[in-house]
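Remarks on the overall topology
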Amino acid sequence: MSQTHTTDVAIIGAGPVGLFAVFECGMLKMRCHVIDALEMPGGQCAALYPEKPIYDIPGYPKVGALELIENLQAQAAPFTPTYHFGQRVEKLTRDGEFWVLESGTGTKIRAKAVILAAGVGAFGPNKPPLARIDDFENKGVHYFVQRREDFRGKRVAIAGGGDSALDWTLSLADVAARVMVIHRRDKFRGAPDTVDKVMALAKAGKIDLVTPYQLEALDGDPGALKHVVLKDLDGNIRKLEADALLAFFGLAMNLGPIATWGLNLVKGNIAVEPSTCETSSPGIFAIGDIAQYPGKLKLILQGFAEAAMAAHACHKIVHPGEVLHFEYSTTKGVPAA
């Protein structure tokens, strides 16, 4: 049964940046409805790496992805947002002073302003083109890690040369029986400090660096991986005994219906005005990974700043003519919703 809701601001995406936007809007006395295609809050943090440590959140030398999401929910809770999970926004149209969002399940949300915090849009893993890989998916082959304990005492092969591969190498090195890092080059693309830590583990004999090799095949019984077969540039074959293969080759991203809403797109992202995060459509703002402007850094902390800027810009739309006297949270506290 379809339902229609009216609110001040509709936020598309319940990842960390979307959740913080609820707080920023609440501090400016704006009510929010949040809609997300996933069945739970957290976006990529919850769906892809809930136990992955994050090191660049101010005030937290180290925080788990899921812990961060729980804290952001608690921070937003005083403003009693309404969440709509498991629903994808299919249509976004204008009706007078309101934008109208319609989900695939029939829910309609009328809002004076819209904040797009949709991350990379719909996402899924880039899978290596290996024969029989479907036989081993989630039974030996994994594209994401949700629980480190699932790999305790196992021989784990990690394929990839970016941050995800290196971060999980560090995280699993003291859990797995053995970690073997497979990459087609001797150099890695991760953060320099992370690369240095991985190299130190390899030098100490705590992990194996298997370079330059690429994945060639998988060997084992259906649902029970036994070997990962590799090939180097000269065609030489090498077999690694492995209980699990973690394949980190990035995400395949798709904006889905967002691409049809008439917004100014730049290489799969949405171009915004840097000072307000407003898109080419007045009243629609984009923050986080989906937003693009000169000097943009795809970091959660930059997304948090964008949430604050977008909220202040939304205030002029939701409360036209009302003078906003800027105050720090340490001065005014957290007002009632």
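Conventions used here
Residues numbered from 1 in each chain as written. Predicted model: local features only at pLDDT ≥ 70, side-chain atom pairs only at ≥ 80, totals over all residues. Heavy atoms only, no water. Pairing = 2+ DSSP bridges. Helix = DSSP H or I, 4+ residues; strand = E, 2+ residues; numbered from the N terminus. Axes fitted to C-alpha atoms, helices over the stretch in contact; angles between N-to-C directions. Parallel < 35°, antiparallel > 145°, perpendicular 65-115°, else oblique. Left-handed = near helix turned anticlockwise from the far one by under 90°. Contact = heavy atoms within 4.5 Å. Nonpolar A, V, L, I, M, F, W, Y, C, P; charged D, E, K, R; others polar. Phe/Tyr/Trp six-rings, centres within 6.5 Å; stacked < 30°, edge-to-face > 60°. Buried < 20%, exposed > 50% of the residue type's maximum accessible area, 1.4 Å probe, protein only. Patch = residues over 30% accessible without salt bridge, like charges linked within 9 Å, V, L, I, M, F, W, Y side chains within 5 Å. Areas by Shrake-Rupley, 256 points an atom, 1.4 Å probe, with all protein chains shown as cover. Salt bridge = Lys/Arg side-chain N within 4 Å of Asp/Glu carboxyl O. Lys, Arg positive; Asp, Glu negative; His and termini not counted. Charge placed at Lys NZ, Arg CZ, Asp CG, Glu CD. Expected span 1.5 Å × (residues − 1). Arc of directions from axis to C-beta. Core = buried A, V, L, I, M, F, W, Y, C linked by side-chain atoms within 4.5 Å.

1. Some points on the sheet that holds strand β15 (residues 224-231)
If you trace the 3 strands from one edge of the open sheet to the other, you get β14-β15-β16, paired in antiparallel fashion. Two strands in the sheet have a free side with no partner beyond their single neighbour: β14 (214-221) and β16 (237-241). The mean inter-strand angle of the sheet, taken between neighbouring strand axes irrespective of direction, is 25 degrees.

2. Side note on the packing of helix α1 (residues 16-27) against helix α3 (residues 65-76)
Where α1 meets α3, the axes come as close as 8 Å, and the angle between the chain directions of the two elements is 20 degrees. Classified by the angle between their axes, α1 and α3 sit roughly parallel to one another. Where α1 crosses over α3, the handedness of that crossing is left-handed. Taking contact as the criterion, the partners of Pro16, Leu19, Phe20, Val22 and Phe23 in α1 are, on α3, Ile69, Leu72, Gln73, Gln75 and Ala76. Its residues placed into classes, the contact of α1 with α3 shows 8 nonpolar, 2 polar and no charged.

3. Considering the sheet that holds strand β13 (residues 208-210)
Spatially, the 5 strands line up as an open sheet ordered β10-β17-β11-β12-β13, and their pairing is parallel. Pairing within the sheet leaves two strands with one partner each, and these edge strands are β10 (141-142) and β13. Note: strand β11 (residues 155-159) against strand β17 (residues 244-247), 4 bridges, orientation parallel. Looking at β17, one finds that Ile158 is bridged to Leu246. Lying on the sheet, helix α5 (residues 163-172) is in contact with β11, β12 (178-182) and β17; it crosses β11 at an angle near 160 degrees.

4. Things to note about the packing of aromatic side chains
Counted according to the given criterion, the structure contains 4 aromatic pairs. Measuring from ring centre to ring centre gives 5.1 Å for Phe20 and Phe304, while their planes differ by 50 degrees; the resulting arrangement is tilted. Here Phe304 lies in helix α7 (residues 300-318) and Phe20 lies in helix α1, a separation of 284 residues in the sequence. A relative accessible area of 13% means that Phe304 is categorised as buried. Plain terms: the ring middles of Phe23 and Phe79 are 5.9 Å apart, the flat faces sit at 65 degrees to each other, and that makes the pair edge-to-face. One end of the pair, Phe23, is in helix α1; the other, Phe79, is in the loop between α3 and β5 (82-85), and 56 residues separate them in sequence. Using a relative accessible area of 10% as the deciding quantity, one classes Phe23 as buried.

5. Brief notes about a positive patch on the surface
A cluster of like positive charges, contributed by Arg184, Arg185, Lys187 and Arg189, occupies part of the molecular surface. Among the structural elements, Arg189 can be located in the loop between β12 and α6 (192-203). The class of Arg189 is partly exposed, set by a relative accessible area of 47%.

6. What to know about α3
If you check α3, its first and last C-alpha atoms are 17 Å apart, about what 12 residues at 1.5 Å a residue would give, namely 16 Å. Taken together, the buried positions of α3 are occupied by Ala65, Leu68, Ile69, Leu72 and Ala76. Down the axis of α3, the buried side of the element spans an arc of 100 degrees, and every buried residue falls inside it.

7. What about the pattern of salt bridges?
Within this structure, the stated rule accounts for 16 salt bridges. A salt bridge links Asp8 to Arg31; the nearest nitrogen and oxygen atoms lie 3.4 Å apart. In this pair, Asp8 is assigned in strand β1 (residues 4-12) and Arg31 in the loop between α1 and β2 (32-36), connecting sequence segments 23 residues apart. Under the relative-accessibility criterion, Arg31 is labelled partly exposed at 48%. Lys239 is the partner of Asp219 in a salt bridge, and the nearest nitrogen-oxygen pair spans 3.7 Å. Placement of the pair is Asp219 in strand β14 and Lys239 in strand β16, with a sequence separation of 20 residues. Here Asp219 falls in the partly exposed class, since its relative accessible area comes to 28%.

8. What about the nonpolar core?
Grouped together as the largest cluster of nonpolar side chains are 39 residues, with contacts concentrated most on Val9, Ile11, Met30, Ile54, Ile115 and Ile287. Listing elements by their share of this core, those giving two or more residues are β1, α1, β2, α3, β8 (108-116) and α7. Core analysis: the next-biggest nonpolar cluster, separate from the first, contains 23 residues, Ile12, Ala118, Trp261 and Ile270 among them.

9. Regarding the environment of Glu67
Looking at where Glu67 falls in the secondary structure, it is placed in helix α3. On the basis of relative accessible area, Glu67 is assigned to the partly exposed category, the value being 40%. Taking the C-alpha atoms as reference points, Glu67 and Pro50, 17 residues apart in sequence, are found 8.1 Å from one another.

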